[in-house]
Amino acid sequence: MTTSLLSFLILSFLVVAFAGNFNQDFDITWGDGRAKILENGQLLTLCLDKNSGSGFRSKNQYLFGKIDLKIKLVFGNSAGTVTTYYLSSIGSSHDEIDFEFLGNLSGDPYILHTNIFTQGKGNREQQFYLWFDPTKDFHTYSILWNPQSIIFSVDGTPIRQFKNMEASGIPYPKAQPMWIYSSLWNADDWATRGGLVKTDWAQAPFIASYRNYNVQACVWSSTSSSCGSNNSTTNSWLSESLDSTGQSRIKWVQNNYMIYNYCTDTKRFPQGFPPECSLN
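Residues numbered from 1 in each chain as written. Predicted model: local features only at pLDDT ≥ 70, side-chain atom pairs only at ≥ 80, totals over all residues. Heavy atoms only, no water.

- An unreviewed UniProt entry annotates the protein chain as Xyloglucan endotransglucosylase/hydrolase originating from Anisodus acutangulus.
- Its UniProt record gives the protein chain a comment under Sequence similarities (unreviewed entry), which states: "Belongs to the glycosyl hydrolase 16 family. XTH group 1 subfamily."
- Of the protein chain, the UniProt comment under Function (unreviewed entry) reads exactly: "Catalyzes xyloglucan endohydrolysis (XEH) and/or endotransglycosylation (XET). Cleaves and religates xyloglucan polymers, an essential constituent of the primary cell wall, and thereby participates in cell wall construction of growing tissues." (UniProt positions renumbered as here; feature names shortened; annotations may be inferred.)

As structure tokens, this is what we get:
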């Protein structure tokens, strides 16, 4: 991290760490009553029917953070549906860090789709099967975003890392604060087998459930006094990286459960892969 970036963080942000109440920390942003906060703020559900999906967004914006969210995905025939959980800024040059869960026919596995946008440019897709049924229980999906790297994890197992490679001329999301978003919506024009399988509305309403979120992050604020403190335990995520065990786990996941990697798609990139593919 450069000295100027560190100084900017210290002057502009407040580190928070909370595992709390959906009522206090999130706003339902669309869905006309289809999203509900229940159990005194401990449970949030999103609903999709033929008329509309639904979604929510964090009240705060963050610049760097570690976010854990427990999700139980749509049960049964979820073909055509997409459940999303992502960080994003706004504007045509936005940054974004994506989890998307692509539904499927009963008995067929969900596809976990990941992507990273920097300065409005994405096209960094990696897709995975999961090693469990994500509809039977809640599982923890985590995004670690710090100045060194972005790490996607599932139940504590890292599945993908995107390193800061600015020294090699590759943009990295470090200057735009992002909100936490989630939504459940109909995408049967592309979500399941390229759009060949459509949403079966006889199965509606479709429900995704959320609980037990945990946020350790720098809140975007021009008036806050600090993003750092002397508490290295509280703020250890700011410098967290993968150790040898984490690297081994990523290799295990990618060797056994990765089903698409943009960095190996020769048909898509006949003139050569994006530069980060040889560096990341």
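There is more to say, and it comes next.
1. Structural notes on the nonpolar core
- Tyr85, Phe99, Tyr141, Trp145 and Tyr210 are the most contacted members of the largest nonpolar core, which has 56 residues in total.
- Examining the composition of this core, we find that 8 residues originate from one element, strand β15 (residues 206-220), more than from any other.
- The residues contacting Trp145, other than those within four sequence positions of it, are Tyr62, Leu63, Phe64, Gly65, Leu87, Ile97, Ile150, Tyr172, Pro173, Gln176, Met178 and Trp237. (Core = buried A, V, L, I, M, F, W, Y, C linked by side-chain atoms within 4.5 Å. Buried < 20%, exposed > 50% of the residue type's maximum accessible area, 1.4 Å probe, protein only. Helix = DSSP H or I, 4+ residues; strand = E, 2+ residues; numbered from the N terminus. Contact = heavy atoms within 4.5 Å.)

2. Digging into the state of the cysteines
- Here the structure, examined in full by the defined rule, presents 1 disulfide.
- Note on cysteine connectivity: Cys263 is disulfide-linked to Cys277, with sulfurs 1.9 Å apart. Around the S-S axis, the bridge from Cys263 to Cys277 shows a dihedral of about -80° and counts as left-handed. A residue pair is termed long-range when its members are at least 10 positions apart, and Cys263 in the segment after β16 (258-261) and Cys277 in the segment after β16 qualify at 14 residues.
- By relative accessible area, Cys277 is classed as partly exposed at 21%. (Disulfide = S-S within 2.5 Å.)

3. Quick look at the layout of surface pockets
- The computed volume of the largest pocket comes to approximately 360 Å³.
- Forming the walls of the largest pocket are 15 residues, and the residues nearest its centre are Gln126, Gln161, Ile250, Gln254 and Asn280.
- Sorting the residues of the lining of the largest pocket by element identifies β13 (157-163) and α3 (244-256) as the ones contributing at least two each.
- Classifying every residue of the lining of the largest pocket gives 5 nonpolar, 6 polar and 4 charged. (1 Å grid on protein atoms, 1.4 Å probe; cavity = no way out; pocket = protein on both sides within 12 Å on 5 of 7 lines; lining within 4 Å. Points joined across faces, edges and corners; volume = space filled by probe spheres on them. Nonpolar A, V, L, I, M, F, W, Y, C, P; charged D, E, K, R; others polar.)

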